[in-house]
Amino acid sequence: MPSEREFQIAPLVPESIQHNSKTLYNLQSLTASLFGVSAGILGLESYSGFLFYLVFSLLTTALLYVFRVAPGASLSSSSSASRQRKGVLDTSLYFRSPYEFWAGGLLGGLAGYILTWTLFYGLVRA
Amino acid sequence: MAADKGIVGDMVASMLWFSAYSYSCYSAQEHSALQSFRATTAALTSSTPTAASLPVDIVIETIVATLVISLGLVLGTRPLRPIQWNVWAGKLEREGPEGFLDSEGEVNKDYVGNPFRLLEARPGFVDIRKQRKEFAEWVKNGGQIQGN
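Residues numbered from 1 in each chain as written. Chains lettered and ligands numbered in written order. Predicted model: local features only at pLDDT ≥ 70, side-chain atom pairs only at ≥ 80, totals over all residues. Heavy atoms only, no water.

**Considering the UniProt feature "transmembrane region" (unreviewed entry) in chain A**
The UniProt record annotates "transmembrane region" (unreviewed entry) at residues 51-70 and 101-124 of chain A. Taken end to end, residues 101-124 of chain A is 88% helix and 0% strand, and its first and last C-alpha atoms sit 34 Å apart. (UniProt positions renumbered as here; feature names shortened; annotations may be inferred. Helix = DSSP H or I, 4+ residues; strand = E, 2+ residues; numbered from the N terminus.)

**Side note on the packing of helix α3 (residues 46-69) of chain A against helix α2 (residues 56-75) of chain B**
Packed helices, taken two at a time, are described by the angle their axes make and the gap between the axes. Relative to each other, α3 of chain A and α2 of chain B sit at 40 degrees, their axes nearing to 10 Å. In this view, α3 of chain A runs oblique relative to α2 of chain B, as classed from their interaxial angle. Seen from above, α3 of chain A lies across α2 of chain B with right-handed handedness. For the pair α3 of chain A and α2 of chain B, contact is made by Phe56, Leu59, Thr60, Leu63, Leu64, Phe67 and Arg68 of chain A and by Ile63, Thr66, Leu67, Ser70, Leu71, Val74 and Leu75 of chain B, respectively. Residue composition of the contact of α3 of chain A with α2 of chain B, grouped by class: ten nonpolar, three polar and one charged. (Axes fitted to C-alpha atoms, helices over the stretch in contact; angles between N-to-C directions. Parallel < 35°, antiparallel > 145°, perpendicular 65-115°, else oblique. Left-handed = near helix turned anticlockwise from the far one by under 90°. Contact = heavy atoms within 4.5 Å. Nonpolar A, V, L, I, M, F, W, Y, C, P; charged D, E, K, R; others polar.)

**Looking at the environment of Gly43 of chain A**
All names here are of chain A. In this structure, Gly43 sits in the loop between α2 (14-42) and α3. Judged by relative accessible area, which is 16%, Gly43 ranks as buried. In the structure, Gly43 is positioned 74 residues away from Trp117 in sequence and 8.8 Å away in space, judged by C-alpha atoms. (Buried < 20%, exposed > 50% of the residue type's maximum accessible area, 1.4 Å probe, protein only.)

**Re the pattern of salt bridges**
Opposite charge on two side chains permits them to pair, given that their charged atoms come into close proximity. What the rule picks out here adds up to one salt bridge over all chains. Across the pair Glu100 of chain A and Arg96 of chain A runs a salt bridge whose closest N-O atoms are separated by 3.8 Å. (Salt bridge = Lys/Arg side-chain N within 4 Å of Asp/Glu carboxyl O.)

**Considering helix α6 (residues 106-125) of chain A**
All names here are of chain A. In this model α6 runs 27 Å from its N-terminal to its C-terminal C-alpha over 20 residues, within 8% of the 28 Å that 1.5 Å per residue would give. Where α6 bends most, the angle comes to about 25 degrees, and this point is Gly112. All of the buried residues in α6 are Leu106, Gly109, Tyr113, Thr116, Trp117 and Val124. (Expected span 1.5 Å × (residues − 1). Bend = angle between axes of the 7 residues up to and from the residue.)

**Brief notes about unusual backbone geometry**
Backbone geometry at Ser46 of chain A places phi at a positive 45 degrees, although glycine is not the residue there. Note that Ser46 of chain A resides in helix α3.

**Some details on the interface of chain B and chain A**
With 35 residues of chain B at the contact, the number on the chain A side is 37 residues. Of the roughly 3500 Å² buried where chain B meets chain A, counting both sides, 72% is carbon and sulfur surface. Three residues stand out in chain B for area buried against chain A, namely Val74, Leu80 and Ile83 of chain B, and they jointly supply 23% of the buried area on that side. Counting every contact that joins chain B to chain A gives zero salt bridges. There are five residue pairs in polar contact (both at pLDDT 80 or more) connecting chain B and chain A. When residues of the side of chain B that touches chain A are traced back to their parent elements, those giving at least two are α1 (2-42), α2 and α3 (85-95) of chain B. With eleven residues, the single largest contributor to the side of chain B that touches chain A is α2 of chain B. For the side of chain B that touches chain A, the residue count by class is 20 nonpolar, nine polar and six charged. (Buried area = accessible area lost by both parts, 1.4 Å probe. Polar contact = N/O pair within 3.5 Å; in protein donor to acceptor, adjacent residues only side chain to side chain.)

As structure tokens, this is what we get:
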């Protein structure tokens, strides 16, 4: 966790943090209801349904990483040599912590997922 | 222009895949209706209900359509912005408003521009005498133009 002093030295932009987390949240909630429809069509039950949600939302986040986060890595790689010591899956340019990017939207989309999952399960199987 | 075409192509592809998706939904519904019909007719002879497992082509169609639609949604998201002040301000200096386009190719509504613009356009630095001279010139020229 960065200290107050580090925030003074390298300040963050609140508008950008808000913009990025809103973009991520919008995508997560949209795709979560889409995955609920798929799980309902496939007729998944209990643990396999939750596993389906977990796998597909991680896949979507990985797609977001590939198409939105990874191209920006070249933005600061030329300027700072500190990027060398960071890992391959580095999200520090756009998000405060990797946890926020990879797992932040999982719980938020779960309610919409279960809603459409049960709805379409009932529609298809009834 | 190429980016616009790409976005429109994404949207069209997503639409097409959404139709495939709804078709797979319809097929699954029809299949389960058929299965339940068979189950009721078979229940007259045997007591064990048949397990209604989906045919593999409907499963493949559903999963592929889901993946392609989510890919389209990912490509439709607005570009992210750097959160570190130095990276963000550097991008702003280098690219200007062009660095902050949304997915439709227009500058975002919440684009703030140069964060130091208040400092760079300080009223105290305005040369008021020069501006007054320019204004006098303009008035003189304008009067001549109106006179002619």
